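# Descriptive analysis of the structure
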Amino acid sequence: MANSEAEKLFKEFKIQSVSEFFRRNAAMLGYTGKLRSFTTLIHEAVTNSLDACEEAGIPPYVRVEIEELGNEHYKIIVEDNGPGIPEKFIAHVFGKMLAGTKAHRNIQSRGQQGIGISGAVMFAQITSGKATRVITSTGGDEIIEAWVGIDVEKNEGKIFKKIKHPNPTGWRGTRIEMEVKEVRYIRSKQGPYWYLKLTAIANPHAHIELIEPDGKLIVFPRSSEEVPEPPEEMKPHPKGVMTDDVYRMARRTTKTTVRTFLIGEFSRISDKKIDELVKYITALRLIKEEEDQNVREQLLKRLADGEVDGIIASFGGKGKKVLREVRKIMEKSPDKLTWHEAEEIVEAFKYMTFLAPPTHGLRPIGEKNIEKGLLGILRPEFVTAVTRPPKVYRGGIPFQVEVGLAFGGELGSDFDLLRYANRVPLLFDAGSCVITSAVRNIDWKRYRVDDLERTPLVLLVNVVSVHVPYTSTGKQSVASEEEIYEEVRLAVMEVARRLAKYIGGKHRKLYQVKRRKTFEKYVPEISRALSILTGEPEDTIKTLLIKIIEKKFETIEEKPLEAEENA
């Protein structure tokens, strides 16, 4: 009876593809709400364009055009001057999820999961029933025009129609046209306009144009000719990997032994470190065989203090035997590495010390470019920026924080926090973002900002990493990692000190102007009185007094402000 029930139950068993899963859970990709869905579509297309241009070393030109076709029904056109897409990859790029040129690499990029643009194509498909039109060329003799969709059951791209055109002008780039429904264009701080404006600030090397549904053309011109260097792939650091990483990498490597695999595929691991690793794995095996819990804890404490040789020696011949066994692991083929052995390696990594991971692959915006972006788009009266030195979180994942501050000028009367991750604006889920909490927990009154919310102040915070710890697949909020929180705080306090100095100087200047006017107000009367007393001409005395006042105020120097170091 039970068997028949199980048979009946499992008749409904079905394997779901990745595309099918995200079709049912589009909210996980950011497609929730009419406005947010619209912004997510623009974000995914523009992100792809900027990444492609930068990787090819091309100054990006991105044009976004939005046509209103009906009630909550739009056509979105995004065109770039990037390297184009080879014909054989079109279906994969736009129609297959978890596929791409970056998803499998340890490299800083705006998109990381290989879901973004294919998710947008899927959203267009499930709301309008229309395929996405793609026009692309790599600058060769042909322009490819294709209508692409997703076979969600197979997670495969499907080209419904394809036409090849001659390319007499050598045009190079990609243009996509998506028809979407159930979205709404609103010019708010979470809409496409605001998203593109913030993108332009953090990417001053990009020229971005937007044509709104009413035909209005908005241009965010390029303010820097300096195209960022393409990001470099970085090897994972031993402190930042899990067992599954080691196990899977061992199966993909071309190295012939576990020893050469660990040295070649990870950063900061040398031949000497492998010998050290063998000792730590040996010590851990011996400690785990110890029955007395108190002794085990004491030995683990000694191991954490680096007494690995002493622990092995204390086990005598048994220690030497286990050491020989562990050495054999390092000489075996990587594809023979078992899950348990990978677990032992990762556990040993936790007790070992390594140099900090290299940070040469990180590509911050840079202080000068942040200032250019803020000045060019927002036109404030004061601007400053700080790029902090690279740090690591979770023991081995490199990251960098940079902050820009703009004050006064043409800014509005309110405070704005512009959050970014790898130059991408984060418009949603601000409450759960570590950037928000780090900025809000600063005592701004110590920096001459009495009411932050009513101050014409814009703060730009960009977190750069090969692996930004987002709180969800929608990538709109950075998770609360202690090291990132602290770096954001330090960077914000640095620009806040500069702001306090500027405001202090401004106040002092206003005070001196007021004092000078007061002195000048009484010059005619004093000149007249002194002329009567001394017999000197009134004009001569007046000229002399004005010279004295001018000299007095020329010599007044601004005093440096000492702001709190730990607000």
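An account of the accompanying structure is given in this report. Treat the numbers as computed from the prediction; the structure is a model and nothing was measured.

A tally of regular secondary structure across the protein chain gives 17 helices and 14 strands. Out of the 567 residues belonging to the protein chain, those deemed buried represent 48%. Across the protein chain, the fraction of contacts at a sequence separation of at least 24, relative to all contacts at a separation of at least 6, is 73%. Accessible surface, the protein chain: about 28,300 Å² in total, of which carbon and sulfur atoms supply 50%.

Here the focus is the pattern of salt bridges. Taken as a whole and judged by the stated rule, the model has 35 salt bridges. Notably, a salt bridge pairs E344 with R285, separated by 2.8 Å at the nearest N-O pair. Taken together, the residues E344 in helix α13 (residues 339-351) and R285 in helix α9 (residues 271-288) connect sequence positions 59 residues apart. Take E344: its relative accessible area is 8%, and that puts it in the buried class. Salt bridges sharing common partners tie together K75, E79, R133, E145, R175 and E177.

Another point: the pairing of strand β5 (residues 156-166). Working note: regular strand, side chains alternate between the two faces of the sheet. Where strand β4 (residues 142-151) and β5 come together, ten bridges link them in antiparallel fashion. Looking at β5, one finds that A146 is bridged to K162. From the end of β4 to the start of β5, which pair antiparallel, there are four residues, and N155 there has a positive phi angle of about 50°.

Look at R268: it is not a glycine, yet its phi comes out positive at around 65°. Structurally, R268 can be placed in the loop between α8 (258-265) and α9. The backbone of D429 sits at a positive phi, close to 55°, despite the residue not being glycine. Within the secondary structure, D429 sits in the loop between β13 (424-426) and α15 (434-440).

Among the surface-exposed residues, Y522, I526, L530 and L533 lie close enough to one another that they form a single nonpolar patch of about 390 Å² accessible area. Within the secondary structure, L530 is located in helix α16 (residues 482-534).

Overall, the coordinates contain eleven aromatic pairs when judged by the stated rule. With a centroid separation of 5.8 Å and 70° between ring planes, the pair formed by F38 and Y185 is classed as edge-to-face. With F38 in helix α3 (residues 34-55) and Y185 in the loop between β6 (172-181) and α6 (192-202), the pair connects residues that are 147 residues apart, well separated along the chain. Judged by its relative accessible area of 0%, F38 falls in the buried class. Their ring planes at 15° and their centres at 4.5 Å tell us that F382 and Y502 sit as a pair that is stacked. Residue F382 is found in strand β9 (residues 382-387), and its partner Y502 is found in helix α16; the two are separated by 120 residues along the sequence. Its relative accessible area of 14% is what places F382 among the buried residues. Since its relative accessible area comes to 26%, Y502 is described here as partly exposed.

The topology assignment puts Q476 in the loop between β14 (457-465) and α16. Side-chain polar atoms of Q476 contact the backbone nitrogen of L427, separated by 2.8 Å. Polar side-chain contacts of Q476 include one of 3.1 Å to the backbone nitrogen of F428. Ignoring sequence-local partners within four residues, the contact set of Q476 consists of R36, R419, P425, L426, L427, F428, D429 and Y470.

Of all nine residues that make up β14, nine are buried, and the element is covered over most of its length. With burial as the criterion, each face of β14 is covered, one bearing L457, L459, V461, V463 and S465 and the other bearing V458, L460, N462 and V464. Note that strand β11 (residues 397-407) and β14 share nine bridges and pair antiparallel. Along β14, the bridge assignment pairs Q400 with V464. Across seven bridges, strand β12 (residues 415-421) lies against β14 in parallel orientation. For L418, the partnering residue across the bridge sits in β14 and is L460.

L41, I42, V64, F94, L196 and I201 are the most contacted members of the largest nonpolar core, which has 62 residues in total. Take this core: its biggest share by element is eight residues, from α6. Of all hydrophobic cores here, the second largest spans 40 residues; its members include A421, V434, V478 and I503.

What follows deals with the sheet that holds strand β7 (residues 207-211). With mixed pairing, eight strands are arranged side by side in an open sheet as β5-β4-β3-β6-β2-β1-β7-β8. Since the sheet does not close on itself, it has two edges, and those belong to β5 and β8 (217-220), each with one partner. The average undirected angle you get between the axes of adjacent strands in this sheet is 15°. Strand direction decides the pairing type here: strand β3 (residues 132-138) and β6, joined by six bridges, are antiparallel. By the bridge assignment, S137 is partnered in β6 with G173.

Attention now goes to the side chain of E179. Following the sequence through the fold, E179 ends up in strand β6. A relative accessible area of 16% means that E179 is categorised as buried. There is a polar contact of 3.1 Å between the side chain of E179 and the side chain of K130. Not counting chain neighbours up to four residues away, the residues in contact with E179 comprise L69, H73, Y74, K75, A124, S128 and K130.

Definitions and limits used
- Once a new chain begins, its residue numbering starts again from 1 and follows that chain's sequence as written.
- Thresholds applied to this predicted model are a pLDDT of at least 70 for local features of residues and 80 or more for the giving and counting of side-chain atom pairs; totals over whole chains, interfaces and linings are not thresholded and use all residues.
- As a rule here, side-chain values come from all non-hydrogen atoms in the structure, and water together with hydrogens is ignored.
- Numbering of helices and strands runs from the N terminus; a helix is a DSSP stretch of H or I covering at least four residues, while a strand is a stretch of E covering at least two.
- Using a 1.4 Å probe on the protein chains alone, a residue whose accessible area is under 20% of its type maximum counts as buried, one over 50% counts as exposed, and one in between counts as partly exposed.
- Any two residues having at least one pair of non-hydrogen atoms within 4.5 Å are treated as being in contact.
- Only the protein chains shown count as cover for residues, with accessible areas throughout obtained via the Shrake-Rupley method and a probe of 1.4 Å.
- A pairing counts as a salt bridge when a side-chain nitrogen of Lys or Arg comes within 4 Å of a carboxyl oxygen of Asp or Glu.
- Between any two strands, pairing holds if DSSP finds at least two bridges.
- Patches in this entry comprise residues that are over 30% relatively accessible and not in a salt bridge; like charges within 9 Å are linked, as are nonpolar side chains (Val, Leu, Ile, Met, Phe, Trp, Tyr) within 5 Å.
- Here a pair means two rings of Phe, Tyr or Trp (six-membered ring of Trp) with centres within 6.5 Å. Their orientation is stacked below 30 degrees between planes, edge-to-face above 60, and tilted elsewhere.
- Definition of a polar contact: a pair of N or O atoms within 3.5 Å, with one able to donate and the other able to accept a hydrogen when the atoms are protein atoms, and with sequence-neighbouring residues admitted only if both atoms are side-chain atoms.
- We define a nonpolar core as any set of buried Ala, Val, Leu, Ile, Met, Phe, Trp, Tyr and Cys residues linked to one another through side-chain atoms lying within 4.5 Å.
- To obtain an axis, a line is fitted to C-alpha atoms, over the contacting stretch when the element is a helix, and the angle between two such axes runs from 0 to 180 degrees between their N-to-C directions.

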